[in-house]
Amino acid sequence: MAQKIQVLSGEVVNRIAAGEVVERPASVVKELVENAVDAEAREILIHARSGGLRSIRVVDDGTGMEREDALTAFQRHATSKIRVSDDLERVSTLGFRGEALPSIASVSRVRMVTREHRSLIGTEILLEAGQVKEVRETGCRGGTDITVEDLFFNTPARRKFQRSVATEFSRITEVVVRIALAECGIHFKLFHNDRQVLDIPPTGERLERIGVLLGREVYRALRRVKVRMDSVEIEGYLSDPAFTRPNSKGFYFYVNRRFVRDRIIHHAVMEAYRNLIPKDRYPVAILFLDVPFWNVDANVHPTKIEVRFRSTDLIHRGVIGLSHGLPGQRRGPPAVPLPAGLGEHRADSLAVAEPAFVYGPVPGAEPQEAKVDSRAPDGGLFSSTKTSLRILGQIGKTYLVCESSGGLILVDQHAAHERIVFERLKRDAEGGIPEVQTLLFPETVELSPAEWEGANRYFSDLKRIGFDLEPFGHNTVAIKSVPSILSRSDSRRIVSDILRGLAQEEARGGEAAFETVLKVAACHGAIRAGQVLSHEEMTRLVEEMEKEGFFFTCPHGRPACLEIGLPELARRFKRSS
């Protein structure tokens, strides 16, 4: 009888490991750059072609390797970082598992040239699908030069799931930014298709590095903070409450120099800003936690982007304690306990929150691809009583309560206004002559290099709906006009949110379609949830809804209006008909 249980071959094991470590080109860049940092490099050059799908090359001037070490590095679980199991309790390097190089090599073609500085001759190794094809001596500079080509050439199913070139490169850019924020003494250069995208010189000042990577607006808004609680030291920078973002892309958390995503830190930052910023906005927070090795476990996941704290409440209280110097913050020790269950380890980290314009599916709704009539159905409360609505008030600073002759109509103020803005922007774009408000004095918005890469290609699409934007110096855009429907809003904030929202949408793999531009612009230009409205503002919103025909969903398919008829109210209160 044939044996059912088989020991997998080394090739299959490497392919399985590659699925955990190497998800996309950005994963390759992360692992190779972290290896260069651990090799004490002072300069790291990253070259990508076609978003890294065609090739990735990382060149460093680190310690380099001798021939035998270079060959051993491509074997599974081969590493110079640890020796015995106890070393896992005091890992001080970015890499230590010995999985990255063999995993990368198993799904690509790799060429590595390396030389120790004390050696006269270097080593060149060629691999394909994890197999060594050639090893030879060569002349080369000190350090390591590794090229990864045709990523996923032998795993077409994985390659099929890669996103567009722009999306994949934006993720590579974000990886470089994350590492560079922590490693201020290293000179980083990033190139895409031979065009230099980032040049990050070394500096002794972390705030100066932040200004280079995240922009001068962020630089000016940050306050240095520091706290020590028992054996944990936390320092970094928090933005003034007046400076917020539409999403949590401004969160950068590091534990012992390693970038991490962590639910506890994320929750503590948002708790620190509670009642200081609107609930749909996010601060900028760049935090560096120095935690004793015995109090943190970095060996949680192959990507090493998650950690597990032994003293979760201590970390939570420490992060909240950073906020006491912020304008408007309460005095005295933080009294907010860690929520039950948050200290438990979870793989689905919340450190990168979904942007405000991404909504989940509506239960029972048809798929978004289906052609659904989003207008209110004929014969309902809307069609018969929409001209006789009486506004009763606002609930939770988010929902309008209206009375009609047939019952109640509840309106989500953000979703409803978002639909109105979307329809008018779309109509103006189709008409070819958008109605705009020209600014008396052009305003400027500065983006980070990564955001600029993902946003500037949308200028022409935004102009179709009334945003006249022009490049204005280094990573800066000048606003000359905005759509009339958005003229009452803060132009700088709307344009900033839209451009950052588009960059985030692209980084998440969203399609760079004009429909996406309309949705993002409408979302960030609409009345926000949690915004108190006067009776006149509520009246104006209902009148605009009537003018547009009472759409009952927002552009993303989320409900904008709900109706509760008198018969339903009678049934709920158990009244006889």
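Residue numbers here run from 1 along each chain, matching the order of that chain's written sequence. The predicted nature of this model means local features are confined to residues of pLDDT at least 70 and side-chain atom pairs, given and counted, to a pLDDT of 80 or more, with totals for whole chains, interfaces and linings taken over all residues. No hydrogens and no water enter the side-chain calculation; it runs on all heavy atoms of the structure.

So, on to the overall build of the chain. The number of helices and strands found in the chain is 18 helices and 22 strands. The classification of residues rests on relative accessible area computed with a 1.4 Å probe and restricted to protein chains. Under 20% of the type maximum is buried, over 50% is exposed, and intermediate values are partly exposed. A total of 577 residues make up the chain; the buried ones form 53% of that total. Look at the contacts in the chain between residues 6 or more apart in sequence, and 69% of them connect residues 24 or more apart. A total accessible area of about 27300 Å² is found for the chain, and carbon and sulfur atoms account for 50% of it. Strands here are runs of E lasting at least two residues and helices are runs of H or I lasting at least four, both read from the DSSP assignment and numbered beginning at the N terminus. Residue contacts are defined here by distance: any two heavy atoms, one from each residue, within 4.5 Å place the two residues in contact. Accessible areas in this description were obtained via Shrake-Rupley with a 1.4 Å probe; residue shielding takes into account the shown protein chains only.

What follows covers the sheet that holds strand β16 (residues 390-395). At least two DSSP bridges between two strands are needed for those strands to be called paired. Strand order in the open sheet formed by four strands is β16-β17-β18-β22, with antiparallel pairing between adjacent strands. The sheet terminates laterally at β16 and β22 (561-565), the two strands that pair on one side only. With direction set aside, neighbouring strand axes in the sheet form an average angle of 20°. Sheet topology note: the strand β17 (residues 399-404)/strand β18 (residues 407-412) ladder contains six bridges and is antiparallel. Along β18, the bridge assignment pairs C402 with I409. For helices, the axis comes from a line fit to the C-alpha atoms of the stretch in contact; other axes are also lines fit to C-alpha atoms, and the angle between any two N-to-C directions lies between 0 and 180 degrees. The strands that helix α12 (residues 413-431) touches are β16, β17 and β18; relative to β18, the one it contacts most, it runs at about 70°. Of the strands in this sheet, β16, β17, β18 and β22 touch helix α17 (residues 535-548), which is tilted by about 115° from β16.

The next thing to look at is the packing of aromatic side chains. Aromatic rings from Phe, Tyr and Trp, taking only the six-membered ring of Trp, are treated as a pair when their centres fall within 6.5 Å; an angle between ring planes under 30 degrees marks them as stacked, one over 60 as edge-to-face, and anything in between as tilted. Counted under the stated rule, the structure contains six aromatic pairs. Ring centres of Y254 and F288 lie 4.8 Å apart, and the angle between their planes is 10°; on these two criteria the pair is classed as stacked. In this pair, Y254 is assigned in strand β11 (residues 251-255) and F288 in strand β13 (residues 285-290), connecting sequence segments 34 residues apart. Each of the two residues, Y254 as well as F288, counts as buried. Put simply, the rings of Y252, Y254, F259 and F288 pair up and form one aromatic cluster. Taking NZ or CZ as reference, R464 lies 3.8 Å from the ring centre of F514, over its face. Only when the NZ atom of a Lys or the CZ atom of an Arg is both within 6 Å of the ring centre and within 35 degrees of the ring normal do we say a charge sits over the ring.

The next thing to look at is the environment of I305. Here I305 lies in the loop between β14 (296-297) and β15 (308-309). By relative accessible area, I305 is classed as buried at 13%. Expressed as a C-alpha distance, the spacing of I305 and V260, which sit 45 residues apart in the sequence, is 4.6 Å. Not counting residues within four places of it along the chain, the set of residues in contact with I305 comprises R178, F259, V260 and R261.

Closest axis-to-axis distance for the helix α9 (residues 263-272)/helix α10 (residues 312-321) pair is 8 Å, and the angle between their directions is 35°. The chirality of how α9 crosses α10 is right-handed. Facing α9, whose interface residues are I264, I265, H267, A268, V269, E271 and A272, α10 presents T312, I315, H316, V319 and I320. Think of it as three bins: nonpolar holds Ala, Val, Leu, Ile, Met, Phe, Trp, Tyr, Cys and Pro, charged holds Asp, Glu, Lys and Arg, and polar takes everything else, Gly as well. For the contact of α9 with α10, the class distribution of residues is eight nonpolar, three polar and one charged. Helix crossings get a hand from a simple test, with the near helix turned counterclockwise from the far one by less than a right angle marking a left-handed crossing and a clockwise turn marking a right-handed one.

As a further point, take α9. Of all ten residues making up α9, eight are buried, and the element is well covered by its neighbours. Considering only its buried residues, α9 is in contact with β11, β13, β15 and α10. Within 3.5 Å is the distance limit for a polar contact, defined as a pair of N or O atoms, with the added protein rule that one can donate a hydrogen and the other accept it, and that residues adjacent in sequence qualify only through two side-chain atoms. The distance from a side-chain oxygen at the start of α9 to the backbone nitrogen of I264 is 3.0 Å, and the residue carrying that oxygen is D262.

With that settled, consider the pairing of strand β2 (residues 55-60). Taken across its six residues, β2 has five buried, putting it largely inside the fold. Taken together, the six bridges between strand β1 (residues 43-49) and β2 define a ladder with antiparallel strand orientation. Its bridge partner lying in β2, A48 is registered against I56. Following β1, the chain reverses through five residues before pairing antiparallel with β2; S50 in that reversal takes a positive phi of roughly 55°. Relative to strand β6 (residues 143-149), β2 is paired through six bridges, and the arrangement is antiparallel. What sits directly across from R57, in β6, is T147.

The analysis is restricted to geometry; functional conclusions fall outside its scope.
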